[in-house]
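Tertiary structure, described
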Amino acid sequence: MPNPPDLAALLESPLQRDRDAGSMQRQLHERLKRAILDGSLAPGSRLPGSRALAEALAISRNTVTAAYEHLAAEGYVQPDRQGTRVTELSPPALPRRTGKSAGMPATALRLATIKPGTVFTEPDATFRPGVPALSHFPAAAWRRALDRAIRTASPATLGYGDPLGEPQLRAAIARHLAIARGVRCTPRQVVIAEGAQEAISLCVRLLSNPGDIGWIEDPGYRGAKSAMRAGDMHMVPIRVDAEGLCANADDWQKHPPRLIYTTPSHQYPAGAVLSIARRLALIAEARRHGAWIIEDDYDSEFRHTGEPIGAMQGLVPDAPVLYVGTFSKTMFPSLRLGFMVLPEPLMAAVEAPLHEMLRGGHRHEQLAMADFIESGQFSRHLGRMRRLYRDRQQALRLALARHLKVPHEIDGGYCGLHLTVRLPPRFDDRQIATDALRHHLAPAALSGFAVAPQPTDNGLVLGYGNTSAERFEPLVKRLSQLARAAELGGI
Ligand SMILES: Cc1ncc(COP(=O)(O)O)c(C=O)c1O
């Protein structure tokens, strides 16, 4: 049996008598607990008698007894007939006293495949792609919708709810998508998720096995790549051109995919619209190869030129397409509400596992969102924002024409909130993006979206959603200076 511990070593410094340090009992309990966990009080050793310890520390015996009782209740010590003994804790609970920190167990290998990006916590950095006009959001109307949802919902609404989402919202989305996007679905096929990102991750988890091939647009959306990597998929980049995702016979033969991620209405970030010929071919080949298509329709509600282009999902009956949408652009990103529409037979197969994988929640926001759509406020808000973004895009194009004094071409802009400005390869787009941050500008480097960058993947992705039109002239002048400064072999 180990001897009673040396009290001086155990209590390296005297207990504090000031209030901030906490009660004597709490301090003593904390010190003894730490000593047990770090091994200075060996398993099986005896604690000093309460009287002796109280005298040594000049505190009351009751204080010591209470601290011992607290330790005993937590299982650190065990009282017996001879006093109080330190419990024999299993070795893993006791870190080795090597003098160095014991280190953490290993993380998953797949983490190393997920590329770090720039994390922006400040949404208002100008040109940051994908940020809607935050100050134009009808906050008062949204607050009223939330108030109504909280006032009228029964106490039962405080429970988890349907894991696939509030039935009212699923029905409102199904109706809205049929009119606005030509999506064919019943409310049962709609699953609510925490934004498009969770919806894409769910598609990967529901439809792929580790090592399966996933096609990704190149250049393409980083969030989709991360979702595939986190799902242990083998990611194959497929080039995009002026007609969008450009898969050839070789790609189908050499890398037959299980999943294909695409942004057909407004390729992210390069801006192409997937042509009807390619849409039909993609659906036909996907069927032939037993592949699923994830259609990310992230910003097509804001169509700026020509007739609206319907979703791929509704193009032909029973297409193997999972339609993904989000309220991050149409409402605001922190709402974290998105959705996916699953083909009917797929829903039948995954509904039960989804019930186990998801927990519902955010019910009042979902009910408020359903109310917002059904009352017509959502459509009115979209109409106002469409006009605003159209004006902002025009102002940005004008400013680029006048003030971007380096050779460039502009892509995209049929819909959404960003333009892509291609630059000749001698202008280092990553350098421009890094330098721009010092001026509170956050354009994204086009090359940063490519897995296998080509010389043409060089330029800047400019978000215009959250910047008022009159600010573009001076901002583009600044960008122009930054671009010239980043010219390789410069001027
Ligand atoms: C291509 C694309 N898909 C989806 C999203 C939206 O994701 P979430 O709904 O998770 O905010 C974005 C946001 O920038 C995007 O660029």
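First things first, this report covers the structure right here in the doc. This structure is a prediction, so every number in the text was calculated from the model and none was measured.

Moving on, we get to the sheet that holds strand 13 (residues 444–445). Strand order in this open sheet of four strands is 11-12-14-13, and the pairing throughout is antiparallel. Edge strands, defined here as strands with exactly one partner in the open sheet, are strand 11 (409–411) and strand 13. Alignment of strand 11 against strand 12 (residues 418–422), held across three bridges, turns out to be antiparallel. Its bridge partner lying in strand 12, Glu-409 is registered against Arg-422. Against the sheet, helix 13 (residues 377–403) makes contact with strand 11, strand 12 and strand 14 (459–463), and its axis sits at roughly 20° relative to strand 12, the strand it touches most.

With mixed pairing, the eight strands of this open sheet are ordered in space as 3-10-9-8-7-4-5-6. Bordering the open sheet on either side are strand 3 (190–193) and strand 6 (244–245), each of which pairs with just one other strand. Of the strands in this sheet, strand 3, strand 9 (321–326) and strand 10 (338–341) touch helix 6 (residues 167–181), which is tilted by about 110° from strand 3. Strand contacts of helix 7 (residues 195–207): strand 3, strand 7 (259–262), strand 8 (292–296), strand 9 and strand 10, with the helix running at about 160° to strand 9, the strand carrying the most contacts.

Applying the stated criterion to the full structure yields three cavities of 30 Å³ or more. Counted as a void, the largest cavity has a volume near 110 Å³. If you go around the largest cavity, you meet 15 residues; those closest to its centre are His-176, Leu-177, Glu-301, Thr-326 and Phe-339. Every element with two or more residues in the lining of the largest cavity is listed here: helix 6 and strand 9. Ranked by the residues each element gives to the lining of the largest cavity, the list is headed by helix 6, at four residues. Residue classes in the lining of the largest cavity are distributed as eight nonpolar, four polar and three charged. The volume enclosed by the second largest cavity comes to roughly 40 Å³. Lining the second largest cavity are Leu-400, Leu-404, Val-421, Leu-423, Leu-460, Leu-462, Leu-479 and Ala-483. Elements that contribute at least two residues to the lining of the second largest cavity include exactly strand 14 and helix 15 (472–485). Here the residues of the lining of the second largest cavity are counted per class, giving eight nonpolar, no polar and no charged.

Its location among the elements puts Ser-208 in the loop between helix 7 and strand 4 (213–218). Looking at Ser-208, the relative accessible area reads 11%, which means it is buried. For the pair formed by Ser-208 and Pro-132, sequence separation is 76 residues and the distance between their alpha carbons is 33 Å. Residues contacting Ser-208, with those up to four places away along its chain left out, are Cys-203, Gly-231, Met-233, Arg-258 and Leu-259.

Residue placement: Leu-460 occurs in strand 14. A residue is classified by how much of its surface remains accessible, and Leu-460, at 5% relative accessible area, is buried. Leave out the neighbours within four places in its chain, and Leu-460 touches Leu-419, Thr-420, Val-421, Leu-423, Asp-429, Ile-432, Pro-443, Ala-444, Leu-446 and Leu-479.

Around the ligand lies a shell formed by Gly-195, Ala-196, Gln-197, Tyr-221, Tyr-261, Tyr-268, Asp-296, Tyr-298, Thr-326, Ser-328, Lys-329 and Arg-336. Between Gln-197 and the ligand, the recorded distance is 3.0 Å, taken from a backbone N or O atom to an oxygen atom. Contact between the ligand and Asp-296: a nitrogen atom at 2.6 Å from a side-chain N or O atom of the residue. In the complex, the protein chains occlude 89% of the 400 Å² of accessible area that the ligand would expose alone. Put simply, the ligand lies in the largest pocket. Looking at the shell around the ligand element by element, the count peaks at three residues for helix 7. For the shell around the ligand, a count of residues per class yields five nonpolar, four polar and three charged.

Attention now goes to the side chain of Gln-377. Within the secondary structure, Gln-377 is located in helix 13. Among the residues examined, Gln-377 registers a relative accessible area of 17% and is labelled buried. Not counting the four nearest positions on each side in its chain, Gln-377 is found in contact with Ala-141, Arg-148 and Phe-372.

Residues Gly-338 and Met-340 line one face of strand 10 and the alternating positions Phe-339 and Val-341 line the opposite face, and both faces are buried. Bridging between strand 3 and strand 10 involves four bridges; their strand directions are antiparallel. Within strand 10, the residue paired with Ala-193 across the bridge is Gly-338.

Overall, the coordinates contain twelve aromatic pairs when judged by the stated rule. Centre to centre, the rings of Phe-327 and Phe-339 are 5.5 Å apart; their planes meet at 55°, and the pair counts as tilted. Of the two residues, Phe-327 sits in the loop between strand 9 and strand 10 while Phe-339 sits in strand 10, which places them twelve residues apart along the sequence. Accessibility classification places Phe-327 together with Phe-339 in one group, the buried group. Members of the aromatic cluster, each reached through a chain of ring pairs, are Tyr-221, Tyr-261, Tyr-268, Tyr-298 and Phe-449. One Lys or Arg, Arg-222, reaches over the ring of Phe-449 and ends 4.5 Å from the middle of that ring.

Considering only enclosed or pocket space, the largest pocket measures out at about 1600 Å³ in volume. Thr-118, Arg-128, Tyr-221, Arg-222 and Tyr-268 are, among the 47 residues lining the largest pocket, the residues nearest its centre. At the level of elements, helix 7, helix 8 (222–230), helix 14 (429–437) and strand 13 are the ones that each hand at least two residues to the lining of the largest pocket. Element by element, the count of residues in the lining of the largest pocket is highest for helix 8, at five residues. Here the lining of the largest pocket is built from residues that sort into 24 nonpolar, 13 polar and ten charged. Per-domain counts for the lining of the largest pocket show at least three residues from each of domain 2 (137–375) and domain 3 (380–487). Of the volumes computed, that of the second largest pocket is approximately 360 Å³. Sorting elements by how many residues they give to the lining of the second largest pocket places helix 6 first, with six residues.

The rules behind these values
Residues numbered from 1 in each chain as written. Predicted model: local features only at pLDDT ≥ 70, side-chain atom pairs only at ≥ 80, totals over all residues. Heavy atoms only, no water. Pairing = 2+ DSSP bridges. Helix = DSSP H or I, 4+ residues; strand = E, 2+ residues; numbered from the N terminus. Contact = heavy atoms within 4.5 Å. Axes fitted to C-alpha atoms, helices over the stretch in contact; angles between N-to-C directions. 1 Å grid on protein atoms, 1.4 Å probe; cavity = no way out; pocket = protein on both sides within 12 Å on 5 of 7 lines; lining within 4 Å. Points joined across faces, edges and corners; volume = space filled by probe spheres on them. Nonpolar A, V, L, I, M, F, W, Y, C, P; charged D, E, K, R; others polar. Buried < 20%, exposed > 50% of the residue type's maximum accessible area, 1.4 Å probe, protein only. Near = heavy atom within 4 Å. Polar contact = N/O pair within 3.5 Å; in protein donor to acceptor, adjacent residues only side chain to side chain. Areas by Shrake-Rupley, 256 points an atom, 1.4 Å probe, with all protein chains shown as cover. Sits in = over half its atoms within 2 Å of the grid points. Phe/Tyr/Trp six-rings, centres within 6.5 Å; stacked < 30°, edge-to-face > 60°. Lys NZ or Arg CZ within 6 Å of the ring centre and 35° of its normal. Domains from an automatic or database assignment.

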